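Next come the chains, spelled out residue by residue.
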Amino acid sequence: MIHHVVQEAADAGIVEICIVIRNGKEAIRRYFEYDDPAVGKLDPAIEKLQNRCRIVFTYQAMPRGIGDAILCAKDFVGDDCFALLIPDQLFIGPAGAISQLASKKLPPDAAISSVIYIPASDLEYFPSARRFVCDSYAAQSDVMVITGIEPAECASPASAMRGFGRTIYPPEVFRFLDVEFADKGTGEVDLLKTFRALLAVVPNYAVLLQGEAFDLGTVKGYQYFRDRFPSSSS
């Protein structure tokens, strides 16, 4: 799954990629650096990726969620905009999800989120997908202006457009990933708080992706989607 999103990033023209892992997950690093440690030789598919982009790793001290993982990559990102790709959410379409986001003519300081249309029958397999509150955007029919986000406890069981695991962030997001935005119980950065704070600082847009999305982040989701995920891409 991580290979798929690295490939997606490279296909979008991203040449600097940071993968956030933690101790005990070195198999991920070995996969991209030495596919077969006994031979010390890269798999040809991985070698192609290495020729197209630079892949580096940074470590998250504790598994404190996506917000903290983003914060771990702060030094790597610097003052640039960056793309976040969540690897257990896969996407197949006429163009990759990040390519679709990057193709829109939007302000350079904007946060650009992806949304997908999820049928009511599939909603239970997208447990973390939230609905954005949006206004229409006259300049582009598949782009919306985000004005809010629906809390998980208010999620509707009906078919709806929901957020997906691809976002382009401006560097301003790092201002909202510190202890002030952490959940007091778990210590994890509360991305709902972060998102609402970011709304007041930079323009936020949502792009409706053209293609099919898969959430493989749970065993139930993996079992449900695996037969629908094309074998040629597995």
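You'll find the structure just up there.
Owing to the predicted nature of the structure, the values given are computational and were not obtained by experimental measurement. (Residues numbered from 1 in each chain as written. Predicted model: local features only at pLDDT ≥ 70, side-chain atom pairs only at ≥ 80, totals over all residues. Heavy atoms only, no water.)

Visitor: I'd love a proper account of the overall build of the chain, names of residues and values included.
Guide: If you tally the helices and strands in the chain, you get 8 helices and 10 strands. A compact globule built from 234 residues would reach a C-alpha radius of gyration of about 17 Å, and the chain, at 18 Å, matches this within 12%. C-alpha atoms of the chain, sized along the principal axes, occupy 55 × 40 × 35 Å. When the 234 residues of the chain are sorted by exposure, 40% land in the buried category. Long-range pairs, those at least 24 residues apart, make up 73% of the contacts in the chain with a sequence separation of at least 6. When the accessible area of the chain is evaluated, it comes to approximately 12,400 Å², of which 52% is carbon and sulfur surface. For the chain, the distance from the average position of its 23 positive side-chain charges to the average position of its 30 negative side-chain charges is 1 Å. (Helix = DSSP H or I, 4+ residues; strand = E, 2+ residues; numbered from the N terminus. Rg over C-alpha atoms; globule rule 2.2 N^0.38 Å. Buried < 20%, exposed > 50% of the residue type's maximum accessible area, 1.4 Å probe, protein only. Contact = heavy atoms within 4.5 Å. Areas by Shrake-Rupley, 256 points an atom, 1.4 Å probe, with all protein chains shown as cover. Lys, Arg positive; Asp, Glu negative; His and termini not counted. Charge placed at Lys NZ, Arg CZ, Asp CG, Glu CD.)

Visitor: Can you lay out the nonpolar core for me, pointing to particular residues and giving the numbers?
Guide: Core analysis: the biggest nonpolar cluster contains 38 residues, and Ile-19, Phe-32 and Ile-55 have the highest contact counts within it. Examining the composition of this core, we find that 4 residues originate from one element, helix H1 (residues 2-11), more than from any other. The residues touching Ile-19, leaving out its near neighbours within four places in the chain, are Ile-2, Val-6, Ile-28, Phe-32, Ile-55, Val-56, Phe-57 and Thr-58. In this structure, Ile-70, Ala-111, Phe-174 and Phe-176 belong to the second largest nonpolar core, which totals 16 residues. (Core = buried A, V, L, I, M, F, W, Y, C linked by side-chain atoms within 4.5 Å.)

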